[in-house]
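Working through the structure, step by step
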Amino acid sequence: MDILLIAGLWLDGSAWDDVALELAARGHRPVPVTLPGQGDGDISATLDDQLAAVLAAVADSPGKPLVVGHSAASSLAWLAADARPDKVAKVALVGGYPAAHGSAYADFFEIQDGVMPFPGWAAFEGPDAADLDQPTRERLAAGAHPVPEGVARGVVRLTDDRRFDIPLVLVCPEFTPAQAQEWIAAGVSPELARATRIGYADIESGHWPMTTRPRELARVIAEAAENTGS
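**A few points about empty space enclosed by the protein**
The final tally for this structure, using the stated rule, is one cavity of 30 Å³ or more. In this structure, the largest cavity spans a volume of roughly 70 Å³. Every residue lining the largest cavity is listed: Leu 9, Trp 10, Leu 11, Phe 118, Trp 121, Leu 140, Ala 144 and Trp 208. Classifying every residue of the lining of the largest cavity gives eight nonpolar, no polar and no charged.

This is the structure in structure tokens:
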């Protein structure tokens, strides 16, 4: 099965390198999606541009792919399901949940000169970064790409209720499935509250399991791909 891999803020497709190797070894075709504005130097890129790149990858798949979104890119994966409900087999959300219709995609940190730079590790102290040693932190920060303002402040538009019936799995790294269920019940994610076929997978890691637990993350993703009916 084709597995589309969408990296979160500040990351490019190389973030999935180790996961992709594992997925290929399991017989799947991993497709890390290159997002405009994250690695190509195009600070004019918009959320619509990034969604177009994801939809192009969906269209290029000969079958129905599993679409994986990490962190903020969980919204991109969900937008793809909304735009192509007949073409997406399943959605996997890693450490994130979809933004609500009409809200900003990822307006989380200060915009400087038209971009949202990586804010530094102080913003992620605690469970998010607990499993990152200093060399890994330095490597990730050095490779972080500023996110264009048109992406971070882009408005999420969801239009097709058929997205709620697409199977999805919420991969829980720095939080547990029980915590995720509590948050959803409390109204943190109106989108996930309406999902009719949602499952949960637990990974003991911080917010970047593709870096610290790539083999385990690949196993979880592969299992999701191999059980697309649930």
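Resuming the write-up.
**Considering the pairing of strand 2 (residues 29-32)**
Sheet topology places strand 1 (residues 2-6) next to strand 2; four bridges connect them, and they run parallel. Residue pairing across strands places Leu 4 opposite Val 31, the latter belonging to strand 2. At this point the chain moves from strand 1, through helix 1 (residues 17-25), to the parallel strand 2, and the crossover so formed is right-handed.

**Let's talk about the layout of surface pockets**
The calculated volume of the largest pocket comes to roughly 550 Å³. What lines the largest pocket is a set of 30 residues, among which Ser 71, Gly 95, Gly 96, Phe 108 and His 207 lie closest to the centre. Classifying every residue of the lining of the largest pocket by side-chain character gives 20 nonpolar, eight polar and two charged. Its boundaries defined by the atoms lining it, the second largest pocket holds a volume of some 260 Å³. Lining of the second largest pocket is provided by 15 residues; of these, Ser 14, Ala 15, Arg 139, Leu 140 and Thr 211 occupy positions nearest its centre. When contributions to the lining of the second largest pocket are tallied by element, the ones reaching two or more residues are helix 1, helix 4 (134-142) and helix 8 (209-212). Taken together, the residues of the lining of the second largest pocket break down into seven nonpolar, four polar and four charged.

Rules behind the numbers
Residues numbered from 1 in each chain as written. Predicted model: local features only at pLDDT ≥ 70, side-chain atom pairs only at ≥ 80, totals over all residues. Heavy atoms only, no water. 1 Å grid on protein atoms, 1.4 Å probe; cavity = no way out; pocket = protein on both sides within 12 Å on 5 of 7 lines; lining within 4 Å. Points joined across faces, edges and corners; volume = space filled by probe spheres on them. Nonpolar A, V, L, I, M, F, W, Y, C, P; charged D, E, K, R; others polar. Pairing = 2+ DSSP bridges. Helix = DSSP H or I, 4+ residues; strand = E, 2+ residues; numbered from the N terminus. Right-handed = clockwise from strand over helix to strand, strands pointing away.

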